[in-house]
Amino acid sequence: MSQPYKFTSHEGFAHDSLDSLGYDWERIGAPQIKPRYPFKIYLPMTTDDIVLAVKETRSLGQKLMIRSKGHSSNDLVLADRGCVLVIEKLNRILDLNEAERTVTVQAGVVLAELDLHLADRGYGLPIIGDHNHITAGGFASVGGISPASHRFGMFVDNVRRLEYVNHEGEVVSCGRNERPDEFYRVLAGAGQHGVIATLTLDVIRIDKFNVILQNDRRLYADLKKFLDEAGQLIRDPGQALMERGVWLDYAVLGTSVRIGQFSSYHEAPQSPLKSLWNKAAYGYLQTLGLYAGRLPTGIDQAVKYLGMAGVVLSPRYASTKNIETFTDRILDSSVGDPTRMFIVLGPAEKFGPLFNRLYSLFLEYRVKTGCFTFIAIYVKAIRSDYLANGDPSKRFCELMLYCGIDPDKMTEPVLEEIVSQIDDVTIAYGAYRYMHTKTVKDEKRRSRIDPNAVRASIALAHGAGTNGTHLLEQPDAGE
């Protein structure tokens, strides 16, 4: 490994313990939630092992949940005295094909580790999540977004082929040009249509650790100016290689403290000074992330707020790798005050109105119930063939509503109300939900906000079938 890289994600709890199998991402917003442990655990190492597990549970009439690292709060990965298939040991890198610019991996490969493997060979993944525990199968099951999504799309746009096991225990190979209806049904399908075993992914030539980009950072105290300028950069990123923004709203002593920023990263002449700036600035910020979760509660919360200040004042120079893992290596959402995350994927041309409507909704609930301690809305641009359904002119934006929670005031009825209203806004603006974050359960409404379901309905309207693909009885892990 040519570059040192410390994995610091989620120090508040372990992802890879027996205890973790009783929880999903719900515990971040509800720390006292009771665990829901599985009774039977499958730990496959090969595709044949997956086949055996699927056939065994099918013959016994049992439900089978598929779990990656549990980055889901939409009831997708908990077996609750049932059966769970954990993809952790499906972790081999199978082939790097430099001629095709692809890498083939098992579904349980951790993408951060895969990127390190590729870096030694002069390659990298176009799209990778900021969490250091995200797996290839988990990311492909939900979509996958990064600060480079305005250039390279979602993670699913960079999957070239895959092999999965369907509900009958049959191994199916498919790709962009081979059984494409099944291929696109499985991608971002939250595991409803099979267990992903292997994936062939696009790679690009890139030096993520050493090439320094320049951050054209803009700060805002005025919401309208933030929306106008961020909206323009989302609709037209220009020559930006990576970009992201955030609007923060804290309730302090009865008043709101509000600030926004948008970071747009561009090519820059390389110099030792810029490299040193990158190392020093991110060294400080990632030290906050390193100690988060290991300190007394009050200090942990203070560290978290220092990290948020670091997000707003994002460094002027940064490597691609530091940009990709920026928030997760600084702000560990599993420590400090409880937090919840809701994600909407909207049409880029509706960014401003959609942002305002969702922000107003959260402000309303903060005043009415006191359930939110702070409100943060992270934004990114997305250019995705998967979301566009064949219309290359379409652009999208991610609105990630990341909020501090008062668990005593965020009761289950209040949470259900908020989620339902988020989904109503999503439908009204012709947007999608990121389906591993909490949504309504009603299938009719879900079919209008789930990009996988919308894509399938369009394919059906054009006469495409599913070639016998069947639903698993329970959905897949989200990342």
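The rules we used
- Residues numbered from 1 in each chain as written.
- Predicted model: local features only at pLDDT ≥ 70, side-chain atom pairs only at ≥ 80, totals over all residues.
- Heavy atoms only, no water.
- Helix = DSSP H or I, 4+ residues; strand = E, 2+ residues; numbered from the N terminus.
- Rg over C-alpha atoms; globule rule 2.2 N^0.38 Å.
- Areas by Shrake-Rupley, 256 points an atom, 1.4 Å probe, with all protein chains shown as cover.
- Lys, Arg positive; Asp, Glu negative; His and termini not counted.
- Charge placed at Lys NZ, Arg CZ, Asp CG, Glu CD.
- Core = buried A, V, L, I, M, F, W, Y, C linked by side-chain atoms within 4.5 Å.
- Buried < 20%, exposed > 50% of the residue type's maximum accessible area, 1.4 Å probe, protein only.
- Contact = heavy atoms within 4.5 Å.
- Polar contact = N/O pair within 3.5 Å; in protein donor to acceptor, adjacent residues only side chain to side chain.
- Axes fitted to C-alpha atoms, helices over the stretch in contact; angles between N-to-C directions.
- Parallel < 35°, antiparallel > 145°, perpendicular 65-115°, else oblique.
- Left-handed = near helix turned anticlockwise from the far one by under 90°.
- Pairing = 2+ DSSP bridges.
- Salt bridge = Lys/Arg side-chain N within 4 Å of Asp/Glu carboxyl O.
- Disulfide = S-S within 2.5 Å.

Engineer: What should I look at first to understand the overall build of the protein in this one?
Structural biologist: Assigned secondary structure in the protein consists of 16 helices and 18 strands. In terms of overall dimensions, the protein is globule-like: its C-alpha atoms have a radius of gyration of 21 Å, near the 23 Å expected for 479 residues. Each principal axis of the C-alpha distribution contributes one length, and for the protein these read about 60 × 55 × 45 Å. Element-wise, carbon and sulfur atoms account for 53% of the exposed surface of the protein, whose accessible area totals about 19100 Å². Positive and negative side-chain charges in the protein, numbering 55 and 58 respectively, have mean positions lying 3 Å apart.

Engineer: Mind showing me how you'd approach the nonpolar core here?
Structural biologist: Considering soluble globular proteins, one finds that nonpolar side chains tend to be buried as a cluster. Counting residues in hydrophobic clusters, the biggest one holds 86 residues, and the most contacted among them are Leu-85, Leu-111, Leu-114, Leu-201 and Leu-345. Excluding anything up to four places from it in sequence, Leu-114 contacts Ile-93, Val-103, Val-105, Val-109, Leu-125 and Leu-201.

Engineer: Is there a simple way to explain the environment of Pro-353 in this structure?
Structural biologist: Here Pro-353 lies in helix 12 (residues 351-369). Taking the C-alpha atoms as reference, Pro-353 lies 45 Å from Asp-95; in sequence the two are 258 residues apart.

Engineer: Where do I start with the side chain of Asp-115 in this structure?
Structural biologist: Within the secondary structure layout, Asp-115 lies in helix 3 (residues 111-119). Judged by its relative accessible area of 3%, Asp-115 is buried. From its side chain, Asp-115 meets the backbone nitrogen of Leu-125 in a polar contact 2.8 Å long. Separated by 2.8 Å, the side chains of Asp-115 and Lys-208 make a polar contact. Those residues in contact with Asp-115 that lie beyond four places of it in its chain are Tyr-123, Gly-124, Leu-125, Ile-128, Lys-208, Lys-321 and Glu-324.

Engineer: Is there a simple way to explain the environment of Asn-158 in this structure?
Structural biologist: Within the element layout of this structure, Asn-158 appears in the loop between helix 5 (149-152) and strand 7 (159-165). With a relative accessible area of 8%, Asn-158 lands in the buried category. Considered as a pair, Asn-158 and Pro-315 are 157 residues apart in the sequence and their alpha carbons are 29 Å apart. Each residue touching Asn-158, except ones within four places of it in the same chain, is listed here: Pro-126, Ile-127, Phe-152, Arg-176, Thr-200, Leu-201 and Asp-202. A distance of 2.9 Å separates a polar atom in the side chain of Asn-158 from the backbone oxygen of Phe-152. A polar contact of 2.9 Å, which involves the side chain of Asn-158, links it to the backbone oxygen of Met-154.

Engineer: Help me out: how do you make sense of unusual backbone geometry in this one?
Structural biologist: What you tend to see is this: most non-glycine residues have negative phi, and most peptide bonds are trans. Even without a glycine there, the phi angle at Ala-190 is positive, about 50 degrees. Note that Ala-190 resides in the loop between helix 6 (180-186) and strand 9 (195-202). The buried category is assigned to Ala-190, whose relative accessible area is 10%. With phi around 50 degrees, Asn-389 is a residue other than glycine that occupies positive phi space. Following the sequence through the fold, Asn-389 ends up in the loop between helix 13 (385-388) and strand 17 (396-405).

Engineer: Would you mind going over the packing of helix 7 (residues 223-235) against helix 12 with me for this structure?
Structural biologist: With their axes 9 Å apart at the nearest point, helix 7 and helix 12 run at an angle of 135 degrees to one another. The orientation of helix 7 relative to helix 12 falls into the category oblique. Where helix 7 crosses over helix 12, the handedness of that crossing is right-handed. Contacts from Leu-223, Phe-226, Leu-227, Ala-230, Gly-231 and Ile-234 of helix 7 reach helix 12 at Phe-351, Gly-352, Phe-355, Asn-356 and Tyr-359.

Engineer: Even after reading the chapter, I still don't get the sheet that holds strand 3 (residues 83-86), so can you show me in this structure?
Structural biologist: Backbone hydrogen bonds hold the strands of a sheet together, and the pairing may be parallel or antiparallel. Reading across the sheet, the three strands line up as 1-3-2 and stay open at both edges, with parallel pairing between neighbours. The sheet is open, and its two borders are formed by strand 1 (40-42) and strand 2 (64-67), each paired with just one other strand. Along the sheet, successive strands turn relative to each other by an average axial angle of 25 degrees, direction set aside. In this structure, strand 1 lies alongside strand 3, joined through three bridges in parallel fashion. Considered in strand 3, the bridge of Tyr-42 is made with Leu-85. On top of the sheet, helix 2 (residues 47-59) reaches strand 1, strand 2 and strand 3; it is set at about 150 degrees to strand 1, its chief contact.

Engineer: What should I look at first to understand the pattern of salt bridges in this one?
Structural biologist: In a structure, side chains of opposite charge can pair up when their charged atoms sit close to one another. Per the counting criterion, the structure on display carries 26 salt bridges. Ionic pairing is found between Arg-58 and Glu-168, a salt bridge with its closest N-O pair at 4.0 Å. Here Arg-58, found in helix 2, pairs with Glu-168, found in the loop between strand 7 and strand 8 (171-175); they are 110 residues apart in sequence, far enough to count as distant. The salt bridge involving Arg-433 is made with Asp-423; its shortest N-O contact spans 2.5 Å. Residue Arg-433 is located in strand 18 (residues 432-433), and its partner Asp-423 is located in helix 14 (residues 412-428); the two are separated by ten residues in the primary sequence. What emerges from the salt-bridge pattern is a single network uniting Arg-36, Asp-75, Asp-80 and Lys-441.

Engineer: I would appreciate a short explanation of the side chain of Asn-278 in the present structure.
Structural biologist: On the secondary structure map, Asn-278 appears in helix 8 (residues 272-291). Here Asn-278 falls in the buried class, since its relative accessible area comes to 4%. With sequence-adjacent residues up to four places away left out, Asn-278 is seen in contact with Ile-212, Gly-283, Tyr-317, Ala-318, Ser-319 and Asn-322.

Engineer: Just to check I follow, could you spell out the pairing of strand 12 (residues 242-252) for this structure?
Structural biologist: Each regular strand carries side chains that alternate between the two faces of the sheet. The element strand 12 is extensively covered by neighbouring structure, given that nine of its eleven residues are classed as buried. Bridge count between strand 12 and strand 13 (residues 255-266): eleven bridges; the pairing is antiparallel. Residue pairing for strand 13: Met-242 is matched across the bridge by Tyr-265.

Engineer: Even after reading the chapter, I still don't get the state of the cysteines, so can you show me in this structure?
Structural biologist: Put plainly, two cysteines are in a disulfide when a covalent bond ties their sulfur atoms together. All told, the structure shown has zero disulfides when counted by the stated rule. Among the cysteines around Cys-397, which has no disulfide bond, Cys-403 carries the closest sulfur, lying 16 Å off. When its relative accessible area of 0% is taken as the criterion, Cys-397 is described as buried. Among the cysteines around Cys-403, which has no disulfide bond, Cys-371 carries the closest sulfur, lying 8.4 Å off.

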